[in-house]
Amino acid sequence: MSDLFSETNIRNLRIKNRIVMPPMVSFDLNREDGLVTEKNVKHYEARAKGGVGLIIVEATCVRKNGRLADRQLGLWSDAHIEGFSGIAGACHQYGSRVLVQIHHAGLLAPPSVSSDRVAPSDFQGQSNVNGLNLSARALTLEEIKSIQADFIAAAVRTEKAGADGIELHGAHGYLINQFLSPFVNRRKDSHGGDLEGRTRFATELIAGIRKVTGKDFIIGCRMGSDEPDLPTGIKIAQRLEKSGVDVLHISYGMTTVIKTDVAESQPVPPDFKYNWIVYGGTQIKRNVKIPVIVVNGIRTPEQADYLIAHNLADFVALGKGLLIDPEWANKAQNKQNVIACLDCKDCAIYRPGGCPQIKPGPKKAAG
């Protein structure tokens, strides 16, 4: 595991190993007012104590009516700063770096959060996740600038809280992703049309955040490699790199979230050992010079180490594995057995108490 536990830099900051806790919303821990609770702090502190090099705090909304659920962390007010300071301080004492993923749901905001859902363009479509109909109205240019100002203000609050940077949530169908997607963004003005126009919302955010934060402040972006295909995803990644992003975190995008005439998954060579989401990350890694985080379906220390050792990724994010076993990183480094994720879906939407690996009672067999 020498490669997985090697040090490296993002921007000017040293990261002690290549293990990342990706952003996973812990609905059971959150409040409607977006304030950090002591349970939130303990949740992240446990993974930092467990040896994770980089912790990305779950999707944190920049505007109350842009939440993805009734209960979600927020950074739309200075009142939220103190709580995030608690998270950052708790994790820093164990040597973990901390980014906060900042987010706006756009057309995916539930009706209980907003009766006026917005998107880059007027939108009518169907969700791939639950089959429900989705609708939203187009943002005006003035509204775009207002939401961008909210993102920038949230980044400033993140820095004031003592975190090491932010990650823009540009994946999983949320607002930044909606601007990147030709299926949702049909604008004819400066923020739509060709790739330059569709990436403008994100690149303006990056420039705006860079202007008001310190020289060591990390700006990351999570994006899908399928916007709507891998060649276009690579071009988006290169544009984000050129705009000043320090690290890319590659997941899935709009084609997985809404019904389109494009396949939900991308082709993978038969000899590739991981799924299409990881493959997309490895291909983007080949085409940019900044660090790349890969994620999805990576279960074991051996799988994670292989990706680093073969220069297929700079960092490996372990989602459910770290929910199940906060000591995953320390155990891997000490050659102890980690508690394995069975991919049984019993955790529902990131509720660890539902996992048969950690709750009382009989365990399900793998497969």
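This text goes with the structure placed above it.
My aim in this report is to walk through the structure given alongside it, one point at a time. Please read all numbers here as calculations on a predicted model, not as lab measurements.

1. A few points about the overall build of the chain
Link 1 in the chain: Secondary structure summary: the chain contains 12 helices and 13 strands in total.
Link 2 in the chain: A principal-axis box enclosing the C-alpha atoms of the chain has dimensions of 55 × 50 × 45 Å.
Link 3 in the chain: In the chain, buried positions account for 57% of the 367 residues.
Link 4 in the chain: In the chain, once contacts between residues fewer than 6 apart in sequence are set aside, the share between residues at least 24 apart is 70%.
Link 5 in the chain: As displayed, the chain has an accessible area near 14,800 Å², and 48% of this comes from carbon and sulfur atoms.

2. Concerning the sheet that holds strand E13 (residues 315-317)
Link 1 in the chain: As summarised here, the arrangement of the eight strands in space is E3-E4-E5-E9-E10-E11-E12-E13, forming a closed barrel in which the pairing is parallel. Within the sheet, the average angular offset between the axes of one strand and its neighbour, ignoring direction, is 25 degrees.
Link 2 in the chain: As paired elements, strand E12 (residues 292-295) and E13 share three bridges and run parallel to each other. The residue of E13 that forms the bridge with Val-294 is Val-316.
Link 3 in the chain: The sheet contacts of helix H3 (residues 141-160) involve strand E5 (97-103) and strand E9 (165-170), and relative to E5 the element is tilted by about 160 degrees.

3. Focus: the nonpolar core
Link 1 in the chain: Residues Ile-102, Leu-168 and Leu-248 are the most contacted members of the largest nonpolar core, which totals 79 residues.
Link 2 in the chain: Top contributing element to this core by residue count: helix H2 (residues 81-92), with six residues.
Link 3 in the chain: Leave out the neighbours within four places in its chain, and Leu-248 touches Cys-221, Met-223, Ala-237, Leu-240, Ile-284, Val-288, Ile-290, Pro-291, Val-292 and Ile-293.
Link 4 in the chain: Core analysis: the second largest hydrophobic core is formed by 20 residues, Phe-27, Ala-69, Val-257 and Ile-258 among them.

4. Focus on the packing of aromatic side chains
Link 1 in the chain: Following the criterion strictly, the structure yields five aromatic pairs and no others.
Link 2 in the chain: Ring geometry for Tyr-274 against Tyr-306: centres 6.4 Å apart, planes inclined by 35 degrees, an arrangement best described as tilted. Placement of Tyr-274 in the loop between helix H8 (254-257) and helix H9 (276-287) and of Tyr-306 in helix H10 (residues 301-309) is noted, with a sequence separation of 32 residues between them.
Link 3 in the chain: Residue Tyr-306 is classed as partly exposed on the basis of its relative accessible area, which comes to 27%.
Link 4 in the chain: These aromatic residues form a ring-pair network of at least three members: Phe-272, Tyr-274, Tyr-279 and Tyr-306.

5. Things to note about unusual backbone geometry
Link 1 in the chain: Here the residue pair Glu-227 and Pro-228 is connected by a cis peptide bond, since its omega of 0 degrees sits within 30 degrees of zero.
Link 2 in the chain: Within the secondary structure, Pro-228 is located in the loop between strand E10 (218-224) and helix H7 (230-243).
Link 3 in the chain: Residue His-172 is not a glycine yet carries a positive backbone phi of 60 degrees.
Link 4 in the chain: Looking at the element boundaries, His-172 is found in the loop between E9 and helix H4 (175-180).
Link 5 in the chain: The class of His-172 is buried, set by a relative accessible area of 14%.
Link 6 in the chain: Even without being a glycine, Lys-335 presents a positive backbone phi close to 60 degrees.
Link 7 in the chain: Inspection of the secondary structure assignment puts Lys-335 in the segment after helix H12 (328-333).

6. Re the packing of H3 against helix H6 (residues 200-212)
Packed helices, taken two at a time, are described by the angle between their axes plus the distance between the axes.
Link 1 in the chain: In the contact formed by H3 and H6, the axes pass within 9 Å of each other and the chain directions differ by 40 degrees. The angle between H3 and H6 places the two elements in the oblique class. For the pair H3 and H6, the crossing hand works out as right-handed. Residue-level contacts link Ile-144, Ile-147, Gln-148, Phe-151, Ile-152, Ala-155, Val-156 and Glu-159 of H3 to Arg-200, Phe-201, Glu-204, Leu-205, Gly-208, Ile-209 and Val-212 of H6.
Link 2 in the chain: In terms of residue class, the contact of H3 with H6 is built from 10 nonpolar, two polar and three charged.

7. Quick look at the pairing of strand E8 (residues 133-138)
Link 1 in the chain: Inspection of the sheet shows strand E6 (residues 118-119) paired to E8 by two bridges, in the parallel sense. Following the sheet pairing, Ala-119 is matched in E8 by Ala-138.
Link 2 in the chain: Relative to E8, strand E7 (residues 123-126) runs antiparallel, the two being bridged by four bridges. Within E8, the position partnered with Gln-126 by the bridge is Asn-133.
Link 3 in the chain: The antiparallel pairing of E7 with E8 creates a hairpin that spans six residues between the two strands, and Gly-131 there sits at a positive phi of about 75 degrees.

8. Topic: H10
For the α-helix, the turn length of 3.6 residues means that residues three or four positions removed from each other point alike.
Link 1 in the chain: Residues of H10 that are buried: Pro-301, Ala-304, Asp-305, Leu-307 and Ile-308. Looking down the long axis of H10, one finds its buried residues gathered within 155 degrees of arc, a one-sided arrangement.
Link 2 in the chain: In this fold, the buried residues of H10 make contact with H9, E12, E13 and H12.
Link 3 in the chain: In the segment just after H10, Asn-311 is the residue with positive phi, at about 55 degrees.

Calculation rules
- Residues numbered from 1 in each chain as written.
- Predicted model: local features only at pLDDT ≥ 70, side-chain atom pairs only at ≥ 80, totals over all residues.
- Heavy atoms only, no water.
- Helix = DSSP H or I, 4+ residues; strand = E, 2+ residues; numbered from the N terminus.
- Buried < 20%, exposed > 50% of the residue type's maximum accessible area, 1.4 Å probe, protein only.
- Contact = heavy atoms within 4.5 Å.
- Areas by Shrake-Rupley, 256 points an atom, 1.4 Å probe, with all protein chains shown as cover.
- Pairing = 2+ DSSP bridges.
- Axes fitted to C-alpha atoms, helices over the stretch in contact; angles between N-to-C directions.
- Core = buried A, V, L, I, M, F, W, Y, C linked by side-chain atoms within 4.5 Å.
- Phe/Tyr/Trp six-rings, centres within 6.5 Å; stacked < 30°, edge-to-face > 60°.
- Parallel < 35°, antiparallel > 145°, perpendicular 65-115°, else oblique.
- Left-handed = near helix turned anticlockwise from the far one by under 90°.
- Nonpolar A, V, L, I, M, F, W, Y, C, P; charged D, E, K, R; others polar.
- Arc of directions from axis to C-beta.

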